[in-house]
Amino acid sequence: MTDSTLLQAEFPTRTLTVALAGNPNSGKTSLFNALTKLRQKVGNYPGVTVEKKEGKMTAPAGPRQLSGDSQTEGPEVSILDLPGTYSLAVRSPDEQVARDVLLGLMPDTPKSDLVVCVVDASNLERNLYLVTQVQDLGVSVVVALNMMDMAERQGKEIDLEKLSRSLGCPVVPTVASRNKGIEELKKVILSAPRRGGERAWHMPPAMEECVAELRQLLMKEHGIGGRLAFSEAVILLSKEDLSNEPLAQGSPAVRERLSSLRGRLTQLNINWRSAAIEARYAWIQSILKEAVHQSVTRRLFLSDRIDLVLTHKVWGWVFFLGVMGLMFFMIFSVATIPMDWIDNKFAALADLIKEAMEPSDLRDLLTDGVIAGVGGVVIFLPQILILFFFIGLLQDTGYMARAAFIMDRVMNKAGLHGKSFIPLLSSFACAIPGIMAARSIEHPKDRLVTILIAPWMSCSARLPVYAILIATILPAAAPLQKAGIMLTMYLLGIFGAFAAAVLLKKTVLRSATPVFIMELPPYRLPSVKSVLLQMWERSFLFLQKAGTVIFGLSVVLWALMSYPKHSGDPTEALNHSFAGMAGHVIEPIIKPLGYDWRVGIGLIGSFAAREVFVSTMNIVFNIGNAGDATEPLLDAFRKAAWPDGRPLFTPLSCLSLMVFYVYAMQCLSTVAVVRRETNGWKWPLLQLFYMTGFAYFAAFVVYQGGKLLGF
Amino acid sequence: MSMILLSQMAPGQKGEVKDLSGTGDICQRLLEMGITRGAKVELVRFAPLGDPIDILIRGYHLSLRKKEAEAVVVEVG
Ligand SMILES: Nc1nc2c(ncn2[C@@H]2O[C@H](COP(=O)(O)OP(=O)(O)OP(=O)(O)O)[C@@H](O)[C@H]2O)c(=O)[nH]1
């Protein structure tokens, strides 16, 4: 019998479900990508807001192909990437999900047949902690010993056989970022025993007795299995705050027993809070002492030397501000080259259609609606790529954690957590991933504050708006001044966000300043692949939005601006269109901010998504000026005037408009995400209301104040 | 040999964790991250603004605020 028929006999053609568990930064995502070759889909677990990543494992290359034996395919292997966690016990949403999935308690997610624990070989001690917790659940485990290259560079020699014997499960060395060990891991996944090993770590005898007693009670009270009951007993006994523990809350008997057991342990001078944790670490240390040899004694690793500079009192700030400055400068200088190219291509396409088709509504729809609309957004792709490139690079090198380390004191001033820095920084690209990244903040109120202020970080969808308005104010090429205005807009958003955070923390979301306990991972050379992959994934989302939402809105807006049909010159026609009417209706409201009804149309469109402003303006002014459809929007802006001939887009009204865009909540997708993340309409509606209200107020102050000062 | 708080250590100073006086989830988190009795700890540096701190524990770098570090008693030689 060949290997593969053996497999076939043991696991008939059903799907094998494999879960990937591991600490943050252990290389889980890289391993997942290597195993699935990107055949994956990303979703959400029902009811909670934790990302669910699923993929199909590609078949291992191996003896089957060598021997030419092709009839057996082996079982289909479905891989589930669990959220990265340090533990299963404290139960942040991420930990709860990881645990429920491993136990098969998560609706719509099959119980996993096998858990691959991804372990950072260069940081074994702490990484194995989670492995002991996973093993407690009685599931079958394979350890993927990742980052082997890093461990070698540290002079660590790991005896794989010994390690595997002590852990009681297969251990496969891998370097996920360079695809090493992946084939071997696949084979082990297919052949590993489908049962958990015995527990190998032990607590002090009195603690063991107490856990055993509690385990019996839990089995009786809740009808759960022995392994699960053991794992729960350890967690319950060690945990101070039982308010989130259904097994304790649901049963007075369990609560009574817990307090009597704790009393007993305290009398015996055993610290029930730490006994189990210490026992796990002691066991890990004893294994590592046998299996790992450090050939080089402790020296200053490269990463530590880099930190000497990058977290230095002076150089740390120089570097931090330098990186941020460079990022925004790139977005405004380098990006213009491909942007011009895209602009020309779309213009050429519109011309082509104009020549090829007879004048008709359909032709106008294509050129003035679809091409102008979508083109006006796609043009910002280069800037978005650069932004995501920087964010990916910062994350991949490990600098992001240093940024949180440096900024924590500042965030702390607003009652926030250094970790809020990452969601907030991501929000500069897009509030949606930013708000989702807030999941890593454990305390619910702090998470909520971060979510509520995140959309005030100027996202990339505002870039098109800022860019066109800045170009209107400063026609000449003046990259420094332009970057200066841009930076001001970003700072206004940041300032508003911090003020709001302080206010929220003092009022509706009053709570203590959150704790900050964060790993500083070693600096790593970024992997080109993973940075590019991230750029691609995010940009794809953006293009998808451009292709669907913005395409749809462009068509709808075009229709609103073209109908009902009105004879006469195009400006008149727009004036009498549905959109024109709506613009006229809100003109009295927005006039004090310095905008006319045409800008009003843009604002209305922007409530679906900010970037629609540019495409709407394209349509508004292309129609309104009856000019060439490819006439650049900028020229149109400069020519635009009030009925009395005063220019519409003065520097002051442009600034007022930019300030409005800084503060207004104009993104339906964000409202939807906040609703999902907060499980209700209360917070997103509050956010919509206070953000937009403040935007109106701030723009009003800028425009009227500026006029008073004589601008 | 003397006992001080983790938050009182000087950059570069090494010691051994003796006790964790905190309670609740924060204490559990610190324990789980490896700050247990007997573990070797080194205070590597303070953040540029003086808080949080960067410590080396069980071979990796962990950052925490001084306030949390006050719960950890360290024996320094
Ligand atoms: N040297 C080395 N680097 C690796 C290896 N595996 C992954 N990396 C890098 O480590 C970094 C973190 O990898 P990820 O795959 O994002 O880690 P993760 O566990 O998913 O981290 P989170 O997304 O924070 O949960 C990336 O820069 C990877 O390129 C490896 O085996 N060796």
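Residues numbered from 1 in each chain as written. Chains lettered and ligands numbered in written order. Predicted model: local features only at pLDDT ≥ 70, side-chain atom pairs only at ≥ 80, totals over all residues. Heavy atoms only, no water.

This brings us to the overall build of chain B. Along the backbone of chain B there are 2 helices and 6 strands. Overall, chain B shows an N-to-C arrangement of helices and strands of β-β-α-β-β-β-α-β. Its C-alpha radius of gyration of 11 Å places chain B within 12% of the 11 Å reference for a compact globule of 77 residues. Structurally, chain B occupies a C-alpha span of about 30 × 30 × 20 Å along its principal axes. A total of 77 residues make up chain B; the buried ones form 62% of that total. (Helix = DSSP H or I, 4+ residues; strand = E, 2+ residues; numbered from the N terminus. Rg over C-alpha atoms; globule rule 2.2 N^0.38 Å. Buried < 20%, exposed > 50% of the residue type's maximum accessible area, 1.4 Å probe, protein only.)

Facing the 46 residues of chain A at the interface are 34 residues of chain B. Buried area between chain A and chain B, both sides added, is near 3,600 Å², and the carbon and sulfur share of it is 56%. Connecting chain A to chain B are 5 salt bridges. Here Arg-29 of chain B makes a salt bridge to Glu-95 of chain A, at a shortest N to O gap of 2.7 Å. On inspection of chain A and its partner chain B, the count reaches 16 residue pairs in polar contact (both at pLDDT 80 or more). The set of elements that each furnish at least two residues to the side of chain A that touches chain B consists of helix 5 (124-136), helix 13 (275-291), helix 14 (302-310), helix 19 (399-413) and strand 10 (517-520) of chain A. (Contact = heavy atoms within 4.5 Å. Buried area = accessible area lost by both parts, 1.4 Å probe. Salt bridge = Lys/Arg side-chain N within 4 Å of Asp/Glu carboxyl O. Polar contact = N/O pair within 3.5 Å; in protein donor to acceptor, adjacent residues only side chain to side chain.)

Residues and elements named next belong to chain A. Where helix 22 (residues 444-453) meets helix 24 (residues 479-506), the closest approach of the two axes is 9 Å, and the angle between their N-to-C directions is 145°. Between helix 22 and helix 24 lies a crossing of right-handed hand. Residue-level inspection shows Asp-446, Val-449, Leu-452 and Ile-453 of helix 22 in contact with helix 24, the latter providing Ala-497, Ala-500, Ala-501, Leu-504 and Lys-505. (Axes fitted to C-alpha atoms, helices over the stretch in contact; angles between N-to-C directions. Left-handed = near helix turned anticlockwise from the far one by under 90°.)

Once that is clear, we can look at the site of the ligand. All names here are of chain A. Around the ligand, 18 residues are found, and the nearest of them are Gly-27, Lys-28, Thr-29, Ser-30 and Asp-149. Between Thr-29 and the ligand, the recorded distance is 2.3 Å, taken from a side-chain N or O atom to an oxygen atom. Asp-149 places a polar side-chain atom, nitrogen or oxygen, 2.7 Å from a nitrogen atom of the ligand. Bound to the protein, the ligand loses 82% of the 640 Å² it would expose on its own. For the shell around the ligand, the secondary-structure elements that each account for two or more residues are helix 2 (28-36) and helix 6 (148-153). Counting residues per element, the shell around the ligand draws most heavily on helix 2, which supplies 3 residues. Here the shell around the ligand is built from residues that sort into 5 nonpolar, 9 polar and 4 charged. (Near = heavy atom within 4 Å. Areas by Shrake-Rupley, 256 points an atom, 1.4 Å probe, with all protein chains shown as cover. Nonpolar A, V, L, I, M, F, W, Y, C, P; charged D, E, K, R; others polar.)

What follows covers the packing of aromatic side chains. Residues and elements named next belong to chain A. Evaluation of the coordinates by the stated rule reveals 18 aromatic pairs over all chains. Judged by centre distance (6.3 Å) and plane angle (75°), the rings of Phe-660 and Tyr-661 are edge-to-face. Here Phe-660 and Tyr-661 have matching classes, each one buried. Look at Tyr-696 and Phe-700: their rings are 6.5 Å apart centre to centre, the planes differ by 20°, and that puts the pair in the stacked class. Of this pair, Tyr-696 and Phe-700 both sit in helix 33 (residues 682-708), 4 residues apart, which is roughly one turn of the helix. (Phe/Tyr/Trp six-rings, centres within 6.5 Å; stacked < 30°, edge-to-face > 60°.)

The amide bond that connects Asp-51 of chain B to the next residue, Pro-52 of chain B, takes the cis arrangement and shows omega of -5°. Tracing the sequence through the fold places Pro-52 of chain B in the loop between strand 3 (40-46) and strand 4 (53-57). At Met-147 of chain A, a position not held by glycine, the phi torsion is positive, near 60°. Structurally, the position occupied by Met-147 of chain A is in the loop between strand 6 (141-146) and helix 6.

Attention shifts here to the pattern of salt bridges. Enumeration over the complete set of coordinates arrives at 23 salt bridges over all chains. Lys-18 of chain B serves as the salt-bridge partner of Glu-16 of chain B, at 3.5 Å between the closest nitrogen and oxygen. The class for Lys-18 of chain B is partly exposed, based on a relative accessible area of 29%. Salt bridges here are not isolated pairs; linked through shared partners, they connect Asp-307 and Arg-402 of chain A together with Arg-45 and Asp-54 of chain B.

All names here are of chain B. Mapped onto the elements, Met-1 comes out in the segment before strand 1 (2-5). Exposure remark for Met-1: the relative accessible area of 78% places this residue in the exposed category. Counting along the chain gives 55 residues from Met-1 to Leu-56, while the straight-line C-alpha distance between them is 20 Å. Each residue touching Met-1, except ones within four places of it in the same chain, is listed here: Glu-75, Val-76 and Gly-77.

A few words now on the state of the cysteines. The tally for this structure, following the rule as stated, stands at 0 disulfides over all chains. Here Cys-210 of chain A is not disulfide-linked; the sulfur of Cys-27 of chain B is the nearest cysteine sulfur, at 18 Å. The class for Cys-210 of chain A is buried, based on a relative accessible area of 1%. The cysteine Cys-654 of chain A is free of any disulfide, with Cys-459 of chain A supplying the nearest cysteine sulfur at 19 Å. (Disulfide = S-S within 2.5 Å.)

Glancing now at the environment of Val-74 of chain B. Residue and element names in this part refer to chain B. The residue Val-74 is located in strand 6 (residues 72-76) in this model. For Val-74, a relative accessible area of 0% gives the class buried. Note: C-alpha distance between Val-74 and Glu-16 (58 residues apart in sequence) is 5.4 Å. If sequence neighbours within four positions are ignored, Val-74 has contacts with Ser-2, Met-3, Ile-4, Leu-6, Met-9, Gly-15, Glu-16, Lys-18 and Val-41.

On to the sheet that holds strand 2 (residues 14-20) of chain B. Within the open sheet, the 7 strands sit side by side as 10(A)-5(B)-4(B)-3(B)-2(B)-6(B)-1(B). Their pairing is antiparallel. Looking at which strands have only one partner, the edges of the open sheet turn out to be strand 10 of chain A together with strand 1 of chain B. With direction set aside, neighbouring strand axes in the sheet form an average angle of 40°. With 5 bridges connecting them, strand 3 of chain B and strand 4 of chain B associate as antiparallel partners. Bridging from a neighbouring strand, Phe-46 of chain B pairs with Ile-53 of chain B of strand 4 of chain B. (Pairing = 2+ DSSP bridges.)

For the rest of this paragraph, the subject is the domain arrangement of chain A. All names here are of chain A. In terms of domain boundaries, chain A breaks down into domain 1 (3-191), domain 2 (205-294), domain 3 (309-329 + 383-526) and domain 4 (530-708). Taken together, the contact pairs 27 residues of domain 1 with 21 residues of domain 2. Put simply, domain 1 and domain 2 have 2 salt bridges between them. Note that Arg-99 and Glu-232 form a salt bridge whose closest N and O atoms lie 2.5 Å from each other. Put simply, domain 1 and domain 2 have 7 residue pairs in polar contact (both at pLDDT 80 or more) between them. Looking at the side of domain 1 that touches domain 2, the elements that each hand over two or more residues are helix 4 (93-103), helix 5, strand 7 (156-158) and helix 7 (160-167). Of the residues forming the side of domain 1 that touches domain 2, the biggest block, 9 residues, is contributed by helix 5. Of the residues that constitute the side of domain 1 that touches domain 2, the class distribution is 11 nonpolar, 7 polar and 9 charged. (Domains from an automatic or database assignment.)

Residues and elements named next belong to chain A. Of all 7 residues making up strand 5 (residues 114-120), 7 are buried, and the element is well covered by its neighbours. Side-chain alternation along strand 5 places Leu-114, Val-116, Val-118 and Asp-120 on one buried face and Val-115, Cys-117 and Val-119 on a second face that is also buried. One ladder, built from 5 bridges, connects strand 1 (residues 16-22) with strand 5; its direction is parallel. Bridge pairing in strand 5 places Gly-22 opposite Val-118. The sheet contact formed by strand 5 and strand 6 spans 6 bridges and is parallel. Opposite Val-116, over in strand 6, you have Val-142 as the bridge partner. Taking the sense of rotation as the criterion, the β-α-β connection linking strand 5, helix 5 and strand 6 turns out right-handed. (Right-handed = clockwise from strand over helix to strand, strands pointing away.)

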